[in-house]
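# Fold and contact review
Single-letter residue listing:
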Amino acid sequence: MATIILSFTAFGLFAARYLVLQKSLETLQKNRKEFVNFTPLWMASMAYDYTVASIVFIANIKMLRLFRFNRMLGFLMAVLANALPSLVSFSAIFIIAFMAYSFFPLFLFGSHVYTYSTFLRALETQFTTLLGRTEYFPLIKAVDAFWGPMVFFSFSFACVIFLMNIFVTVLNMSMNEVENNPDLMSPESEVVSFAVRSIKTALGIGKRDEDNGMEYYGTLDSMDARMASLSESLDKMLLHDLAEMTLQQRQLGEYRRKSSILQPLQKVRIKEGGGSLRASDKTNTVTE
């Protein structure tokens with residue numbers, strides 16, 4: 001939904017930029033000595049660029065969502081999801097420290113150094129310093145020989161060394177937890193791997209186990225979970241078979257008990273039936 005809204009917004013900004021550009025060019029062509037204000041054109045162009053950048057960013061995020069079927073990207077997403085509570089706490093501390101080291105040089109060197117003249121420029125400068133650029137250090141050192149190096153080295157130690165190492169440690173701990181607990185990963189990657197291996201096997205390029213000629217599926221990480229699931233399934237099958245055998249034995253015992261009761265009654269009936277047949281024979285003889 002956000003992509004659709006931003007797409008229509010970008011289309012409107014493109015049309016507005018085109019109209020402002022045509023109007024400015026017409027004004028300039030009519031009188032070349034007249035001042036033409038290109039500020040609206042610049043603002044429309046910047047808004048259009050930011051909107052297109054937002055669309056590309058959201059599209060890349062959605063593409064990463066589609067790439068969750070890849071095992072490595074699925075592992076990365078599982079690591080980030082597992083480390084999310086710790087990363088939220090770390091982000092709060094990092095933002096406080098980063099904002100402090102952006103305001104401090106702004107107040108000290110803002111009137112002398114262009115890269116610290118505004119708050120946004122100070123944020124950009126500190127971010128580039130965080131990435132390893134040190135070309136601003138001679139400028140602030142020339143303004144103040146004490147506070148310049150003090151701000152630079154304290155920022156490098158607090159944010160670059162200390163906080164970045166904490167960030168790497170959080171990710172490393174989350175990575176170890178995900179490796180030791182395969183249930184934290186989504187099974188979608190295994191489904192895709194199974195499909196790919198099946199296609200390769202059907203085409204004759206799949207890898208097979210050399211010992212028994214069977215194709216190998218799965219990984220060692222999930223072997224324990226699969227063995228536990230197999231054991232549980234076997235237990236259910238055995239319990240079901242035992243229940244059926246117990247029911248059959250009960251039915252057989254009931255049948256035998258009824259048979260033992262009915263057999264004497266059948267013998268008595270047979271004897272009575274034989275006596276009656278003899279009496280009827282005698283009466284038939286007398287009448288003759």
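In the block above lies the structure referred to throughout.
Here's what I pulled together on the structure shown here. (Residues numbered from 1 in each chain as written. Predicted model: local features only at pLDDT ≥ 70, side-chain atom pairs only at ≥ 80, totals over all residues. Heavy atoms only, no water.)

What the rule picks out here adds up to one cavity of 30 Å³ or more. Size it by volume and the largest cavity reaches roughly 80 Å³. Lining of the largest cavity is provided by Pro105, Tyr116, Gln126, Thr129, Arg133, Thr134, Tyr136, Phe137, Ile140, Val151, Phe152 and Phe155. Mapped by element, the contributors of at least two residues to the lining of the largest cavity are helix H5 (119–130), helix H6 (137–143) and helix H7 (147–180). Broken down by element, the residue count for the lining of the largest cavity peaks at three residues, all from H7. In terms of residue class, the lining of the largest cavity is made up of eight nonpolar, three polar and one charged. (1 Å grid on protein atoms, 1.4 Å probe; cavity = no way out; pocket = protein on both sides within 12 Å on 5 of 7 lines; lining within 4 Å. Points joined across faces, edges and corners; volume = space filled by probe spheres on them. Helix = DSSP H or I, 4+ residues; strand = E, 2+ residues; numbered from the N terminus. Nonpolar A, V, L, I, M, F, W, Y, C, P; charged D, E, K, R; others polar.)

Note on placement: Val143 falls in helix H6. What makes Val143 partly exposed here is its relative accessible area of 34%. Look past the residues within four positions of Val143 in its chain and what remains in contact with it is Phe109, His112 and Val113. (Buried < 20%, exposed > 50% of the residue type's maximum accessible area, 1.4 Å probe, protein only. Contact = heavy atoms within 4.5 Å.)

Our focus in this paragraph is the packing of aromatic side chains. The full count for this structure, using the stated rule, is twelve aromatic pairs. Relative to Phe98, the ring of Phe94 has its centre 5.7 Å away and its plane inclined at 20°; by these criteria the two rings are stacked. On the criterion of helical spacing, the pair formed by Phe94 and Phe98 is a turn pair, its members being four residues apart in helix H4 (residues 84–109). One exposure class covers both Phe94 and Phe98, and it is buried. (Phe/Tyr/Trp six-rings, centres within 6.5 Å; stacked < 30°, edge-to-face > 60°.)

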